[in-house]
Structure formats: C-alpha cells, structure tokens
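An overview of the molecular structure
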Amino acid sequence: MESTGIIIVAGGSGSRAGGARPKQFRVLGGMPVLARTINTFAAALPGAEIVAVLPEQHIGFWKNLSARFDVAEHKIVAGGAERFHSVRNGLAALTSDPGLIAVQDGVRPLGSIAMIRRVAEAAARHGAAVPVVEPVDSFRETDADEAGNVASHIVDRRFLRIVQTPQIFRADILRRAYEAEYRAEFTDDASVVEAIGQTVCLAEGERENLKLTTPGDFVVAEALIAAREEAENEEETTDAEHV
C-alpha cells in the first residue's frame, strides 16, 4: 500500500457530549477517545505520519494527558476557525511526502483496521474515497413558502448514504483542493475535493464507526468496546485450548 499521511481533526469543543472536558479527551474503555483513534490508524497504516489537530488552548492538556497512556507517535498542531482551516493546518504540518492523505474525525475511535485499509485501497485506485453506510431511517425534506408555512415530502432513502471518515485522497488532489478559499458548503473533505472536479468513490463503511457526539453515543461505544474485548478473550481461550 502507498505511504499515507494521516490528519486527525479533533478541534471541537464537544459541548453536545456533556462533561467538563471536550469529548476527544474523555476516557472511553480505559483510554482517551483521541488516543484510541490515533492507535487504530497507527495499527492500520504502520509507519504513517500522524498529525493531530487540536484547539490551541488544549494542546498542553493533551500532552499531559497522553503521556499517561500508550499512544502512538504523533505530531500536534493547532486548529483553525473552521474544520476547513484545521485540515489545511494539518496538511501544512505533514513533513513527509505521502502518496495518500487520510483525514479522520478524532471522535470516531471505533472504525476497524480492515475498513481503514479498504478506503485507502479505493483512494489509491480512484484518487478519492469515503466510507459510507446505507441509512435505515426514513427522511423527509422540508419546504417553506413565502408566508413561512412549512410543508414536507418523503425522500427516497435508497439513493442516500451516510458519510463517515476516514476520507482518503491522493495527496496531490487534496493539496490542490485546499488551495481554495473557504466556503460554507465545505462540510467535509470530499466536498472540498469535488469543488475542483474530482469524483469521489464510495467505499463500504461500518455502522459501528460512530462519531461520538452525545452522551448516548458514549454509552453505545462502551458497550461495543466491551463486546469486542469479550469476543477477543473468547478467541484467545479457544486458541489456547487447541494448542
């Protein structure tokens, strides 16, 4: 697989998740969320340069917190006013010359190694790839007339996909895309890349690849981690019995 640079964007305040500290620093299953994310990418893409983009006021806090855990090597850089600017700062901080660049939400710690590699392989083939899953809920689109009356109509979910991260791109494509000026419609990296005419490939994501946003998300994440650890322990026990 091509060499990859990894930008992990963890610049949010995390106010919707509750608690006294930003959600990327909360401990999940015995380890900070951001540490879990970093370690998963280090395992999936060995030798990759990792840049964590943090709020400038929390960089010192993270250095002290991460020193208490076994966290893979990474560089830290301050974020910007919008996610767009944070990714741009992360791009500038990469010192290697990777063929691919992955951009990951710091608060998505549960994606699998297999999924990360799957998206990277798609990006290497097509130039740009994002993981997606099919929605299970129904959707309605709202419309308001001049009088402020709101109507709605059903949207066919068969044509919708939920977009996740990591979003991975050929390095030259992503760098060229981020030479643009910020626009409000740039909601993720794929939207920035599409603005220069690049087609984005859809790769298979994972429902467990949660973006931790609310207190309930943390409850689900703890349960998923406990279930994974239990399954791993059972597998190790079974292997030992067959030795």
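Everything in this summary refers to the structure shown in the same document. Being a predicted model, the structure only gives us computed values, none of them experimental.

**Digging into empty space enclosed by the protein**
- Taken as a whole, this structure holds one cavity of 30 Å³ or more when the rule is applied.
- Of the volumes computed, that of the largest cavity is approximately 40 Å³.
- Mapped onto the lining of the largest cavity, the elements with two or more residues apiece are helix H1 (33-44) and helix H4 (113-126).
- Tallying contributions element by element places H1 first for the lining of the largest cavity, with three residues.
- Residue classes in the lining of the largest cavity are distributed as six nonpolar, six polar and one charged.

**Comments concerning the packing of H1 against H4**
- At a closest axis distance of 9 Å, the pairing of H1 and H4 adopts a crossing angle of 60°. Comparing their axes, H4 and H1 come out oblique. Note on packing geometry: the crossing formed by H1 with H4 is right-handed. Taking contact as the criterion, the partners of Thr40, Phe41, Ala43 and Ala44 in H1 are, on H4, Ile113, Ile116 and Arg117.
- Class assignment for the residues of the contact of H1 with H4 results in five nonpolar, one polar and one charged.

**Some thoughts on the layout of surface pockets**
- Its volume calculated, the second largest pocket comes out at about 330 Å³.
- Taken together, 14 residues make up the lining of the second largest pocket; nearest its centre are Arg36, Thr40, Pro109, Arg228 and Glu232.
- For the lining of the second largest pocket, the secondary structure elements donating two or more residues are H1 and helix H7 (215-241).
- Classifying every residue of the lining of the second largest pocket gives six nonpolar, four polar and four charged.

**Structural notes on unusual backbone geometry**
- With an omega dihedral of 15°, the bond running from Thr165 to Pro166 counts as a cis peptide bond.
- Looking at the secondary structure, you find Pro166 in the loop between strand S10 (162-163) and strand S11 (167-170).

Criteria and cut-off values
Residues numbered from 1 in each chain as written. Predicted model: local features only at pLDDT ≥ 70, side-chain atom pairs only at ≥ 80, totals over all residues. Heavy atoms only, no water. 1 Å grid on protein atoms, 1.4 Å probe; cavity = no way out; pocket = protein on both sides within 12 Å on 5 of 7 lines; lining within 4 Å. Points joined across faces, edges and corners; volume = space filled by probe spheres on them. Helix = DSSP H or I, 4+ residues; strand = E, 2+ residues; numbered from the N terminus. Nonpolar A, V, L, I, M, F, W, Y, C, P; charged D, E, K, R; others polar. Axes fitted to C-alpha atoms, helices over the stretch in contact; angles between N-to-C directions. Parallel < 35°, antiparallel > 145°, perpendicular 65-115°, else oblique. Left-handed = near helix turned anticlockwise from the far one by under 90°. Contact = heavy atoms within 4.5 Å.

Remember that the coordinates give geometry; whether it matters functionally is a separate question.
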